[in-house]
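Each chain, written out:
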Amino acid sequence: YVDNPRKVGGATDSTKSIIELRKYQLQLGYDTVPKFLSIYSQALPYKLRAPNTHSTTELVTVLVSDVGSLNTVYEVWKHGGSGVDDADGGALMHCGMEA
């Protein structure tokens, strides 16, 4: 969990989020990553609207490594938070995770 303290109407609202890191190791090749990113960008709207995706789920970033392990793509997602009271695990249950 990551605590997200934020000000709401002068009071501090602390909600919890889960940060998910996904790693994709692509095949070797000069144009593998650009092809992947092109397909990914076209499919992303459908991925965000997939069934059972909670409204608090958001893509934080997509990263590509230019050094070290090449052809590696990282995807960072945030689940929960955004003012949703997930003390009972409600928002997290909707995205397939239990609090």
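Counting restarts for each chain: residues are numbered from 1 in the order of the written sequence. Totals for whole chains, interfaces and linings use all residues, but because this is a predicted model, local features are given only for residues with pLDDT of at least 70 and pairs of side-chain atoms are given and counted only at 80 or more. For side-chain calculations, the full set of non-hydrogen atoms in the structure is used, while hydrogens and water are omitted.

Trainee: If you had to explain the overall build of the protein chain to someone new, which residues and values would you point to?
Mentor: Of the regular secondary structure elements, the protein chain holds two helices and four strands. Mapped in sequence order, the helices and strands of the protein chain form the string β-β-α-β-β-α. The buried share of the protein chain, taken over its 99 residues, is 28%. Working rule for contacts: check all heavy atoms of both residues, and any pair within 4.5 Å makes them a contact. In the protein chain, the proportion of contacts linking residues at least 24 apart, taken out of those at least 6 apart, comes to 55%. By element, 56% of the accessible surface of the protein chain is carried by carbon and sulfur atoms, the whole surface being about 6700 Å². Only DSSP runs of H or I reaching four residues or more are called helices, and only runs of E reaching two or more are called strands; each is numbered from the N terminus. Whether a residue is buried, partly exposed or exposed follows from its accessible area with a 1.4 Å probe, protein chains only, as a fraction of its type maximum: under 20%, in between, or over 50%, in that order. Areas reported here follow the Shrake-Rupley algorithm with a probe of radius 1.4 Å; residue values treat only the protein chains shown as occluding.

Trainee: I'd like a description of the packing of aromatic side chains, backed by residues and values.
Mentor: Aromatic rings from Phe, Tyr and Trp, taking only the six-membered ring of Trp, are treated as a pair when their centres fall within 6.5 Å; an angle between ring planes under 30 degrees marks them as stacked, one over 60 as edge-to-face, and anything in between as tilted. Using the criterion set out here, one finds two aromatic pairs in the structure. What links up through ring pairs into an aromatic cluster is the set Y24, F36 and Y40.

Trainee: Mind laying out the pattern of salt bridges, listing which residues take part and the relevant values?
Mentor: A carboxyl oxygen of Asp or Glu within 4 Å of a side-chain nitrogen of Lys or Arg is what we treat as a salt bridge. Within the structure shown, the criterion is met by five salt bridges. For K47, the salt bridge identified is with E75, shortest N-O distance 2.9 Å. Of this pair, K47 sits in helix α1 (residues 32–48) while E75 is found in strand β4 (residues 72–80), placing the two residues 28 residues apart along the sequence. The partly exposed category is assigned to K47, whose relative accessible area is 29%. Where salt bridges share partners, they join E20, R22, K47 and E75 into one cluster.

Trainee: Before we move on, could you go through unusual backbone geometry and cite the residues and values that matter?
Mentor: For N52, which is not glycine, the phi dihedral falls at a positive 70°. Within the secondary structure layout, N52 lies in the loop between α1 and β3 (58–64).

Trainee: Which residues make up α1, and what values go with them?
Mentor: To estimate how far a helix should reach, multiply one less than its number of residues by 1.5 Å. With 17 residues, α1 extends 23 Å from end C-alpha to end C-alpha; this agrees with the ideal 24 Å at 1.5 Å per step. Remark: the principal bend of α1, roughly 40°, maps to Q42, with a proline, P45, within the next four residues. Contact partners of the buried residues in α1: β3 and β4. Each residue is assigned a bend, namely the angle between axes fitted to the seven residues that terminate at it and the seven residues that start at it.

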